[in-house]
Protein chains: 2
Amino acid sequence: MKKHRDLISILKAKNLRLTPARRGLIQYILDHKDKQLSLLEITRFLETTVDGVNRSSVYRNLELLKKLDIIQELNLPKKGKRFQYIFDKEVHHFYICKTCGKASRGNKVLFGRIEKALKDVHEFSKANLSMVFYGYCERCKR
Amino acid sequence: MKKHRDLISILKAKNLRLTPARRGLIQYILDHKDKQLSLLEITRFLETTVDGVNRSSVYRNLELLKKLDIIQELNLPKKGKRFQYIFDKEVHHFYICKTCGKASRGNKVLFGRIEKALKDVHEFSKANLSMVFYGYCERCKR
DNA sequence: CACACTATTGCAACAAGTTGCAAATGCACC
DNA sequence: GGTGCATTTGCAACTTGTTGCAATAGTGTG
C-alpha cells in the first residue's frame, strides 16, 4: 500500500518508532479515511487487534499524528471529539452543523476559491491549511 | 450596558433563568470580549465572585451560551479549550497556529470575501457562520 | 408578596483525558 | 543476531468533564 509507506517514511525521518500500537492506529485510520473516527471506535479496534494498548498511549499517538498533519481533530457538537484523516496533497475543509454535528468535506474547487480569498492574510502561513466552517445543515436549518 | 441587556432578553425569550452563576459568567465574558478565555480563568472568577459555583454548572452554562451563539469554543493547540465571545452582528473568523496555538481574529473585509467564496455550498446554512483556519503563524512558520 | 411551576443547581459517582516515571522495546550499528 | 541507547509504553495517581437525581430557587401570575 503506497500511502502506508509514505507515512512510515515520515515517522522514520523524525526518529519515530513503528510500534504495534502505532502501526495499528495508522492502519485503522487509513482504512477509514472518509470517516470521522471517535475515540471509542479507535480504542475498540486497538483492543481487539494489538490487544492491550493503554489509553495514554492512544492519546499520545493521536497527538503525534496531529502534529504530523496526518489527522485532524474535529470537535463535533453532540458527537464529541473526532479524528479525521487529512494526509494527502488533496485539499480538505469541513462544514459542520452546530446543531447535530454532521460534518461534510468540501471539494477542491471551493477550497481553491476560499484559499484565494485568504490571499491578504500575510502573517499566516497557509501551508497544510485546513479550514472548518460552522453553520447549520439542511435538516437543522432554521 | 447595552449588550448585556440584549443577552438578558435572549435568555428571557427562551424561558431561561438569570441565576447568579449565569449572570457572573455572562458578565465575565462581556468584560473580556477579545480574549480566548480558559476554563481556569472562568472558574477562578466565578469562585471569587459568585462564590461556590459547582463545576457542572459552569460546563452546562458554557454549553448553553454556545448553543445561543453567544460564545464559541476554540480548541487551541498547546492551550486547550478556550471560549470566545462572538455575539454581535459583526463577523468573526479565526486564524489558529497549529504549533503554538496563537489565535487571531479576522476582519470584516476578509470575512465578506470568504463568505462570497462559499456561495455555492447550498446545503449548508451560513446563518451565524463562523470559520476557523488552521495554519502556522509568523513565528512558527516553516 | 405569596404561590406554583419549571429551570437550574449541587452533589456524588462515574468516565475521559493527562502526566511523571520506571520498565520495556524498536532500531541503527556492528 | 547481539548490544546500546533513545523512544515509547504501561502504570498509577491525578485532573477534567459528564450525568442522573433530588433539592433549590428564578419568574410570572394573581
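Given the structure is predicted, the values throughout are model-derived calculations rather than measurements.

1. Here we look at the packing of helix α3 (residues 39-49) of chain B against helix α4 (residues 55-67) of chain B
Residue and element names in this part refer to chain B. Between α3 and α4, the least distance of the axes is 11 Å, while the angle of their chain directions is 120°. Note on packing geometry: the crossing formed by α3 with α4 is right-handed. On the side of α3, the interface is formed by L39, I42 and L46, while α4 contributes V58, Y59 and L62. In terms of residue class, the contact of α3 with α4 is made up of six nonpolar, no polar and no charged.

2. Describing unusual backbone geometry
One non-glycine residue, N128 of chain A, lies in the positive phi region at around 50°. As for its placement among the helices and strands, N128 of chain A is situated in strand β6 (residues 124-137).

3. Here we look at the protein's contact with DNA strand C
Taken together, 21 residues sit near DNA strand C, with R17 and Y59 of chain A together with R17, R22 and S57 of chain B positioned nearest. A breakdown of the atoms of DNA strand C within 4 Å of the protein gives sugar and phosphate a share of 61%. Separating a phosphate oxygen of DNA strand C from a side-chain N or O atom of T19 of chain B is a distance of 2.9 Å. Breaking the surface near DNA strand C down by element, the ones donating at least two residues are α4 (55-67) of chain A together with α2 (20-30) and α4 of chain B. Tallied by class, the residues present in the surface near DNA strand C amount to seven nonpolar, eight polar and six charged.

4. A word on the protein's contact with DNA strand D
Taken together, 20 residues are adjacent to DNA strand D, and R17, R22 and S57 of chain A together with R17 and Y59 of chain B come closest. A distance of 2.8 Å separates a phosphate oxygen of DNA strand D from a polar atom in the backbone of L18 of chain B. Secondary-structure elements contributing two or more residues to the surface near DNA strand D are α2 (20-30) and α4 of chain A together with α4 of chain B. Here the residues of the surface near DNA strand D are counted per class, giving six nonpolar, eight polar and six charged.

5. Quick word on the relation of the copies chain A and chain B
Between chain A and chain B, the superposition needs a rotation of 180° and an axial shift of 0.0 Å, giving an RMSD of 0.0 Å. In the structure described here, the two chain copies are related by an operation that fits a two-fold rotation axis. In this assembly, 100% of the residues forming the interface of chain A have copies in chain B that are likewise at the interface, indicating an isologous arrangement.

6. Describing the packing of aromatic side chains
Overall, the coordinates contain seven aromatic pairs over all chains when judged by the stated rule. Summarising the aromatic geometry, the rings of F133 of chain A and F133 of chain B are spaced 6.1 Å apart at their centres and angled 90° between planes, so their arrangement reads as edge-to-face. Of this pair, F133 of chain A sits in strand β6 while F133 of chain B sits in strand β6 (residues 124-137), placing the two residues on different chains. F133 of chain B sits in the buried class, given a relative accessible area of 0%. Measuring from ring centre to ring centre gives 5.5 Å for Y95 of chain B and F133 of chain B, while their planes differ by 20°; the resulting arrangement is stacked. Of this pair, Y95 of chain B sits in strand β4 (residues 93-97) while F133 of chain B sits in strand β6, and the two are 38 residues apart along the sequence. Here the aromatic cluster, defined as three or more aromatic residues joined through ring pairs, consists of Y95, F124 and F133 of chain A together with Y95, F124 and F133 of chain B.

Rules used throughout
- Residues numbered from 1 in each chain as written.
- Chains lettered and ligands numbered in written order.
- Predicted model: local features only at pLDDT ≥ 70, side-chain atom pairs only at ≥ 80, totals over all residues.
- Heavy atoms only, no water.
- Axes fitted to C-alpha atoms, helices over the stretch in contact; angles between N-to-C directions.
- Helix = DSSP H or I, 4+ residues; strand = E, 2+ residues; numbered from the N terminus.
- Left-handed = near helix turned anticlockwise from the far one by under 90°.
- Contact = heavy atoms within 4.5 Å.
- Nonpolar A, V, L, I, M, F, W, Y, C, P; charged D, E, K, R; others polar.
- Near = heavy atom within 4 Å.
- Polar contact = N/O pair within 3.5 Å; in protein donor to acceptor, adjacent residues only side chain to side chain.
- Least-squares fit on C-alpha atoms with pLDDT ≥ 70 in both.
- Phe/Tyr/Trp six-rings, centres within 6.5 Å; stacked < 30°, edge-to-face > 60°.
- Buried < 20%, exposed > 50% of the residue type's maximum accessible area, 1.4 Å probe, protein only.

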